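# Observations on the three-dimensional arrangement
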Amino acid sequence: MEEQDKQPVCLYPDWPEAGGWLARRKKRAELLEHYYPKRQYEKEARREMSAVLSEFEEKFRRWYPALPDPGHSALHQGKPRRHSRGEDVREAVRLYRAKNIGYGKLSRIHDALDLYYLMEAQSAYYKQEIDKAAQAQKWIGEDHFSGFFPDVAECMQERLKGLVRSGFDTLLELQERQRQAEQTVQRLVEGNGALWARAAELASDILMYPVRQMGKKK
């Protein structure tokens, strides 16, 4: 409850918003009138504040076309749905087949490796988005805009903080699923007898094999 009380009051919670040039200009005019009304400020002062709004919005749109939505749906919708390591997965499975691992296990190993690399690709995406949001949040606080429209800037920063938290929580989940996929591969190649004595070592070799092959292809 105390944390909720500390949240800033956002009169324009979704600014800057997506939309055409006219719509964005209208929203800037509303912001200007609310914070620097005509009846209280000289025309020249309002002109300068209008320029601050326009300049800030233009800069912000280089980071995001609009302020990220509260549920961070755009963040999660943008994650990759597949990875680019399909050939590496197939080559790894061929190596396992050479070790006389049965086809039933090979199919499950293929799925586990496929999941491993998908989680790797999605983790890279979330790391990038978390870093971008954190940098944007820092930039907002440093830009002179925050001195003229402090509560607007604070609301924007809070929205980006939420995006960072959501992205980080998701990243932890992805890394855990990736770890489980690796363990699945290791478990599937384990067995009895001398033939499987190097099973755990082989599993690690397979997961690292694409990295070594990339060096050879060069």
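Residues numbered from 1 in each chain as written. Predicted model: local features only at pLDDT ≥ 70, side-chain atom pairs only at ≥ 80, totals over all residues. Heavy atoms only, no water.

Okay, the confidence of the model for the chain next. For the chain, the mean per-residue pLDDT works out to 86, and 83% of the residues sit at or above 70. Across residues 192–202, confidence stays below pLDDT 50; counting only partners more than four residues off in sequence or on other chains, it has 11 contacts. Counted against residues more than four places away or in other chains, residues 209–218, with its pLDDT under 50, gives seven contacts. (pLDDT = per-residue confidence, 0-100. Contact = heavy atoms within 4.5 Å.)

What follows deals with the side chain of Arg46. Position of Arg46 among the secondary structure elements: in helix H3 (residues 43–63). Arg46 sits in the buried class, given a relative accessible area of 14%. Non-local contacts of Arg46, meaning those with residues more than four positions away in its chain, are made with Leu32, Glu33, Tyr36, Pro37, Lys38 and Tyr41. (Helix = DSSP H or I, 4+ residues; strand = E, 2+ residues; numbered from the N terminus. Buried < 20%, exposed > 50% of the residue type's maximum accessible area, 1.4 Å probe, protein only.)

With that settled, consider the packing of aromatic side chains. A full pass over the atoms with the stated rule returns 13 aromatic pairs. With 5.9 Å between their ring centres and 35 degrees between their planes, Phe60 and Tyr64 make a pair best called tilted. Since its relative accessible area comes to 6%, Tyr64 is described here as buried. Chaining the aromatic ring pairs together yields one cluster made of Trp15, Tyr35, Tyr36, Tyr41, Phe56, Phe60, Trp63, Tyr64, Trp139, Phe145 and Phe149. (Phe/Tyr/Trp six-rings, centres within 6.5 Å; stacked < 30°, edge-to-face > 60°.)

Let us now look at the packing of H3 against helix H6 (residues 103–142). Where H3 contacts H6, the axes come no closer than 10 Å and their chain directions differ by 165 degrees. Compared by their axis directions, H3 and H6 come out roughly antiparallel. As for the relative orientation of H3 and H6, their crossing is right-handed in sense. Contact residues: Phe56, Lys59, Phe60 and Trp63 in H3; Lys132, Gln135, Ala136, Trp139 and Ile140 in H6. A class-by-class count of the residues in the contact of H3 with H6 yields six nonpolar, one polar and two charged. (Axes fitted to C-alpha atoms, helices over the stretch in contact; angles between N-to-C directions. Parallel < 35°, antiparallel > 145°, perpendicular 65-115°, else oblique. Left-handed = near helix turned anticlockwise from the far one by under 90°. Nonpolar A, V, L, I, M, F, W, Y, C, P; charged D, E, K, R; others polar.)

For the coordinates displayed, the defined rule picks out 19 salt bridges. Between Arg62 and Glu58 there is a salt bridge, with its nearest N and O atoms 3.7 Å apart. With Arg62 and Glu58 both in helix H3 and four residues apart, this pair spans about one turn of that helix. Taken together, the shared-partner salt bridges connect Glu87, Arg90, Glu91 and Arg94 into one network. (Salt bridge = Lys/Arg side-chain N within 4 Å of Asp/Glu carboxyl O.)

What follows deals with H3. Its 21 residues give H3 an end-to-end C-alpha distance of 31 Å, which sits within 8% of 30 Å, the value for a rise of 1.5 Å per residue. Of the surrounding elements, those touching the buried residues of H3 are helix H2 (21–35), H6, helix H7 (145–148) and helix H8 (150–188). (Expected span 1.5 Å × (residues − 1).)

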